[in-house]
There are 2 protein chains.
Amino acid sequence: MNKKTSALHEKEGVSKPETTNKVSAEKIKFNRAKQNSVNDFVTNILDGNITFLSRAITLIESTNVKHQQKANEILDCCLPYANNSVRIGITGVPGVGKSTFIESFGKHLTSKGKKVAVLAVDPSSSINKGSILGDKTRMEELVTDKNAFIRPSPSGTSLGGVAQKTRESIILCEAAGFDTIIIETVGVGQSETVVHSMVDFFLLLKLAGAGDELQGIKRGIIEMADAIVINKADGENEKNAKIAKVEFNRALHLYPIKESKWLPKVLTASALHNLGIEKIDTMISDYISLTKENKYFNNKRNEQNKYWLLSTIEQQLKDNFYQNPKIKNALATEINNLEKGSTTPFNAAKRLLKL
Amino acid sequence: MNKKTSALHEKEGVSKPETTNKVSAEKIKFNRAKQNSVNDFVTNILDGNITFLSRAITLIESTNVKHQQKANEILDCCLPYANNSVRIGITGVPGVGKSTFIESFGKHLTSKGKKVAVLAVDPSSSINKGSILGDKTRMEELVTDKNAFIRPSPSGTSLGGVAQKTRESIILCEAAGFDTIIIETVGVGQSETVVHSMVDFFLLLKLAGAGDELQGIKRGIIEMADAIVINKADGENEKNAKIAKVEFNRALHLYPIKESKWLPKVLTASALHNLGIEKIDTMISDYISLTKENKYFNNKRNEQNKYWLLSTIEQQLKDNFYQNPKIKNALATEINNLEKGSTTPFNAAKRLLKL
């Protein structure tokens, strides 16, 4: 895999030491943000002001408690104006051409008068690794489009934390009038599953190759896909793309019919040459029509909200438990006992819970 | 699906009212069990005494705290003698012939001098639903085999609870000298995942049909399978079984190579006519050799123990939280708010955690 060509993994060209970078960035953000009231933020966001949108997302992403409080107030005020968008998740390994695809797809949408926000969920990114620069420089045209808003992945150590920030950013983008939200992710850890749980439509980007690239599909990912798009289907690759299309169609066939009643599609595209993009747009519209009519669209969003409520609670309960130093030590001992075979998992759990 | 022919789902022929049944059953079990000390139990279990094994499992399954304490002491004493077995998970929808397969496979193993214990994980079963009778009457020959021990699924409302009891029963069976433990399950809820997490080898039973039965495969199940056995491959069905074999082989091909380095196999069998059973036995031996050599076997068991330790803890943390009446009420309100769109999942979670 060529990591250097991946937007999310761009690690070059940013050389400042971590600490300076973080501290000064926080300071600049804070000085900016404190000048405006919650009301200022909300009014400007609802007005579609991208600078305020961007600053509000910075507050969401901040680890400063005061920032978070302000962010929560802004979120609460924006909430009634959110939800009116189509949320599209896009995943694919580095090198598959995600940035080029999003640029091409995004330009197509804005040319039709749509407003497109591009967010990312990348648990491996962080400010000092340069993912911000990475993302933006890889979508040269879209980044200058006034109807597009590109925001790199928030940094964070836990996928849950990164995902929470992204979900909250979606709400702000929607309140700011963005009607299409694209969430990009690379297949790091469970990130596709997390993105899948926050979007309406989930698109898997693939490359056609010698055929054995099908081997590399991550567990469960085909099952989540509402569509597989085989990118770079141009020139000599076209034939391979067609073969891959047949194979993927066959693979999709093996799964039970989805609750959405949508039959996942396999399409080919060449994002670089803007080929096949229109069809993908139409397909997603078809999906939205179908699922809005059969109520799946709203049901899924409700289910997603419940899922996020419960998983936030459960994550917090676990964190409280495992971060207790007494538990940390005892857990290490019990795991050792398990490996020696001197206790059962259930007895060990009982002892730990008693602490 | 013909529920009546499924062992786990047998619901007929048991007509006693639930309460009488449960109370009297507990009483009989208690009176029996109390006569023997922990030491009696352990000595007899290690001696391979099936009556004591059976009674000890009854203690494990009991909801009575005293019984559970005694069960824990027995477990602790048996633990050093456990672990020396091959644990095989078998799943398949009702009607696929699980009981017939296990009978045929089990007889084959005992004829080679093996000792076979058959346990079940079925979250939908309970004593008064008759799953005990069901299981036992469906394996007429194996049940009378002195080298076989058949125990139906413990009853319970939560899959986690049922699974914990089964896992503890595995330890006792191993201590009693059973060298092959078969865990049967029907695909109810997440039961395959749970069984997968307690076995060394996971076998999916399928039927050959018109071809479109492949559609019905549950999400993720092919990925978990170390082997797919197409049962009832006899008579007119043989041709279909061969076609299905090709299709399943293709499906297995789509997944990345397993951590075990084992390439999942597709075999055909006719359990009713004892065809293909020997090959399945050989295949499982091959798997065990491979994974013992590459250390995966032990690593996986260690991982499974850790998994059960953490999941027991986390389940308990969740239970404590959600069963709090204050939380119950507030949670209902917050879910309502989410559906109305008046709060975010994260703010709702924060409020609930403050309680």
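The name given to chain A in an unreviewed UniProt entry is Methylmalonyl Co-A mutase-associated GTPase MeaB, and the organism recorded there is Polaribacter ponticola.

Chemist: Where do I start with the overall build of chain A in this structure?
Modeler: Counting secondary structure elements, chain A contains 15 helices and seven strands. Within chain A, buried positions represent 52% of all 355 residues. Expressed as a percentage of contacts within chain A between residues at least 6 apart in sequence, the contacts between residues at least 24 apart total 77%. Within the structure as shown, chain A displays about 16,300 Å² of accessible surface, and the carbon and sulfur contribution to it stands at 52%.

Chemist: Quick question: what am I supposed to make of the interface of chain A and chain B here?
Modeler: The figure often quoted for interface size is the accessible area lost as the parts come together. Contact residues are listed per partner, giving 51 residues for chain A and 51 residues for chain B. Put simply, Lys306 of chain B and Glu339 of chain A hold a salt bridge, and the shortest N to O gap is 3.8 Å. Our count for the chain A to chain B interface comes out at four residue pairs in polar contact (both at pLDDT 80 or more). Contributing elements (two or more residues each) for the side of chain A that touches chain B: α4 (65-78), α8 (159-175), α11 (237-253), α13 (296-322), α14 (325-340) and α15 (345-354) of chain A. The element best represented in the side of chain A that touches chain B is α13 of chain A, accounting for 14 residues.

Chemist: Looking at this model, I keep getting lost on the sheet that holds strand β5 (residues 201-207) of chain A. Mind explaining?
Modeler: Remark on secondary structure: sheet strands pair via backbone hydrogen bonds, oriented parallel or antiparallel. All names here are of chain A. Judged by pairing direction, the sheet is parallel, and its seven strands sit side by side in the order β3-β2-β4-β1-β5-β6-β7 without closing on themselves. The open sheet is flanked by β3 (148-150) and β7 (265-268), the only strands paired with a single partner. Taking each pair of neighbouring strands and ignoring which way they run, the sheet shows an average axis angle of 20 degrees. Helix α5 (residues 98-111) rests against β1 (86-91), β2 (116-121), β4 (180-185), β5 and β6 (227-231) of the sheet, and its axis sits at about 175 degrees to β4.

Chemist: Would you mind showing me how to read the relation of the copies chain A and chain B here?
Modeler: Both copies of the chain are related through a single rotation about an axis accompanied by a shift along the same axis. Structural alignment of chain A on chain B gives an RMSD of 0.1 Å, achieved by rotating through 180 degrees and translating 0.1 Å along the axis. These values place the two chain copies in the arrangement generated by a two-fold rotation axis. Most of the interface of chain A is mirrored in chain B, where 98% of its interface residues are also at the interface.

Chemist: What is the right way to read helix α12 (residues 277-293) of chain B from this model?
Modeler: It helps to recall that an α-helix has 3.6 residues per turn; residues three or four apart then point in one direction. All names here are of chain B. For α12, which comprises 17 residues, the first-to-last C-alpha distance of 25 Å matches the rise-based estimate of 24 Å (1.5 Å per residue) to within 8%. Residues Ile277, Ile280, Asp281, Met283, Ile284, Tyr287, Ile288 and Thr291 constitute the buried set of α12. Relative to the axis of α12, the buried residues are bounded by an arc of 160 degrees and lie together on one face. Summarising the geometry of α12, the exposed residues directed more than 90 degrees from the buried face are Lys279 and Glu293. In this structure, the buried residues of α12 make contact with β1 (86-91), α5 (98-111), β5 (201-207), β6 (227-231), β7 (265-268) and α13 (296-322). Taken from the residues just after α12, Lys295 is the one with a positive phi, measuring 70 degrees.

Chemist: In this structure, what is going on with the pairing of strand β4 (residues 180-185) of chain B? I would like to understand it.
Modeler: Looking along a regular strand, one sees side chains alternate from face to face of the sheet. All names here are of chain B. In terms of burial, β4 is a largely internal element, six of the six residues being buried. Judged from the six bridges that link them, β1 and β4 form a sheet pairing that is parallel. Its bridge partner being in β4, Gly89 is matched across the sheet by Ile183. Examined bridge by bridge, strand β2 (residues 116-121) and β4 share six bridges and lie parallel to one another. If you follow Val116 over to β4, its bridge partner there is Thr180.

Chemist: Would you explain the pattern of salt bridges in this entry?
Modeler: Side chains that differ in sign of charge can pair as their charged atoms come close. Summed over the entire model, instances satisfying the criterion amount to 20 salt bridges over all chains. Note that Asp281 of chain A and Lys112 of chain A form a salt bridge whose closest N and O atoms lie 2.6 Å from each other. With Asp281 of chain A in helix α12 (residues 277-293) and Lys112 of chain A in the loop between α5 and β2, this pair connects stretches of sequence that are 169 residues apart. You can call Asp281 of chain A buried: its relative accessible area is 6%. Its salt-bridge partner being Lys318 of chain A, residue Glu314 of chain B comes within 3.8 Å of it at the nearest N-O pair. Separated into two different chains, Glu314 of chain B in helix α13 and Lys318 of chain A in helix α13 make up a pair that spans both. Within this structure, Glu303 and Lys306 of chain A together with Glu339 of chain B form a network of salt bridges that share partners.

Cut-offs applied
- Residues numbered from 1 in each chain as written.
- Chains lettered and ligands numbered in written order.
- Predicted model: local features only at pLDDT ≥ 70, side-chain atom pairs only at ≥ 80, totals over all residues.
- Heavy atoms only, no water.
- Helix = DSSP H or I, 4+ residues; strand = E, 2+ residues; numbered from the N terminus.
- Buried < 20%, exposed > 50% of the residue type's maximum accessible area, 1.4 Å probe, protein only.
- Contact = heavy atoms within 4.5 Å.
- Areas by Shrake-Rupley, 256 points an atom, 1.4 Å probe, with all protein chains shown as cover.
- Salt bridge = Lys/Arg side-chain N within 4 Å of Asp/Glu carboxyl O.
- Polar contact = N/O pair within 3.5 Å; in protein donor to acceptor, adjacent residues only side chain to side chain.
- Pairing = 2+ DSSP bridges.
- Axes fitted to C-alpha atoms, helices over the stretch in contact; angles between N-to-C directions.
- Least-squares fit on C-alpha atoms with pLDDT ≥ 70 in both.
- Expected span 1.5 Å × (residues − 1).
- Arc of directions from axis to C-beta.

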